[in-house]
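Structure at a glance
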Amino acid sequence: MRKKFKFKQLLNTYRSLEKELSNIREVMKDLHFEFEDFYKFYCNKYSIDINSLNQKNSEKISKVFKEQAVVPRVREKLASKERDHKDLYKDIARKIHPDKISSDDPKYDQIEEDFKKANNAANYGLWGDLFDIAEKYNIDITDYDSVIESLKIDIKRIKKDIAEEKSTYSWKLFNCDGEHKCRENVIESFLKQLFDYKKT
């Protein structure tokens, strides 16, 4: 009973963090454009030649943006093969495989979406997603020790992803809440880091 409660507690934490990360990434799509606009405005205001800076630092820029490129979430290797949760995935497939119901069934689209989520979770080791589907369809979990350990790893991964998103200059600019001096300080820090440039 105690382990089941711990599992539910961790799963709720996972869901909350996953939602936060999803929301941040959705907002970031617009924030990158906002940063780009203010960056151009700032450089124009202080007569900073962006093209010249880009040309002089082309190798460094290429390296920075390559490092920041979005990469698929990679499966984190767990301590043992017993923690790959294949049995749980099979239980989910037996219960909600789309082939088991008619495409006319009103629940078909939701079941198909959930099965794809479970399949992706099993393929990439996104165990929190797999446990979320199992919980949704009341599929029994037999090895709480292993599941709890996997959830802890997933929670740690998501916290790291959130921290990385919040370390970007776009996010820093957003957190200035429109305060002009703060926004200028963000651009100055960006120029200093990327080009070792300081406004005179």
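Residues numbered from 1 in each chain as written. Predicted model: local features only at pLDDT ≥ 70, side-chain atom pairs only at ≥ 80, totals over all residues. Heavy atoms only, no water.

**Let's talk about the environment of aspartate 49**
Here is the rule we go by: Numbering of helices and strands starts at the N terminus; helices are DSSP runs of H or I of at least 4 residues and strands are runs of E of at least 2. Three labels apply to residues, based on accessible area from a 1.4 Å probe with only protein chains included: buried if under 20% of the type maximum, exposed if over 50%, partly exposed otherwise in between. Distance and chemistry together define a polar contact, namely a pair of N or O atoms within 3.5 Å, with one atom able to donate a hydrogen and the other to accept it when in protein, and with adjacent residues in sequence counting only for side-chain atoms on both sides.
Within the secondary structure layout, aspartate 49 lies in the loop between helix H1 (2-45) and helix H2 (50-56). Under the relative-accessibility criterion, aspartate 49 is labelled partly exposed at 47%. Separated by 3.1 Å, the side chain of aspartate 49 and the backbone nitrogen of serine 52 make a polar contact.

**With respect to the side chain of glutamate 184**
Threshold: Contact criterion: two residues are considered in contact whenever any of their non-hydrogen atoms come within 4.5 Å of each other.
With respect to the element layout, glutamate 184 can be found in helix H9 (residues 180-195). Assessed through its relative accessible area of 5%, glutamate 184 is described here as buried. Setting aside residues up to four positions removed in sequence, glutamate 184 forms contacts with Phe38, Tyr42, Lys45 and Tyr46.

**Observations concerning the nonpolar core**
So the rule is basically this: For this analysis, a nonpolar core means a set of buried residues of the types Ala, Val, Leu, Ile, Met, Phe, Trp, Tyr and Cys, connected via side-chain atoms within 4.5 Å.
Counting residues in hydrophobic clusters, the biggest one holds 36 residues, and the most contacted among them are Phe7, Leu88, Ile92, Ile96, Leu130, Phe131 and Leu151. Listing elements by their share of this core, those giving two or more residues are H1, helix H4 (86-96), helix H5 (108-124), helix H6 (127-136) and helix H7 (144-166). Examining the composition of this core, we find that 9 residues originate from one element, H1, more than from any other. Contact partners of isoleucine 92, with chain neighbours within four places excluded, come to His97, Ala118, Leu130, Ile133, Ala134 and Ile139.

**Focus: the confidence of the model for the chain**
As a reminder of what qualifies: Across the chain, each position has a pLDDT score giving the predictor's confidence in that residue, from 0 to 100.
Within the chain, residue pLDDT values average 87, and 88% of them lie at 70 or more. Put simply, helix H3 (residues 58-67) is where the chain has its lowest mean pLDDT, 65, and helix H8 (residues 169-174) is where it has its highest, 95. Under a pLDDT of 50 for its full length, residues 69-82 has, in the predicted model, 20 contacts with residues more than four places off or in other chains.

**Considerations on the layout of surface pockets**
Note the threshold: Site definitions follow a grid-based scheme: protein atoms alone, a 1 Å grid, a 1.4 Å probe that fits but cannot get out for cavities, and for pockets an open set with protein on both sides within 12 Å along at least five of seven lines, plus lining residues having an atom within 4 Å of a point. Grid points are joined across faces, edges and corners, and a volume is the space filled by probe spheres set on the points. Gly falls in the polar group here, along with every residue not listed as nonpolar (Ala, Val, Leu, Ile, Met, Phe, Trp, Tyr, Cys, Pro) or charged (Asp, Glu, Lys, Arg).
Of the volumes computed, that of the second largest pocket is approximately 210 Å³. Residue lining of the second largest pocket: 13 residues in total, with His85, Asp87, Leu88, Thr142 and Asp143 positioned closest to the centre. Secondary structure elements with two or more residues in the lining of the second largest pocket: H4 and H7. With 4 residues, H4 is the single largest residue contributor to the lining of the second largest pocket. Among the residues making up the lining of the second largest pocket, the classes are represented as 3 nonpolar, 3 polar and 7 charged.

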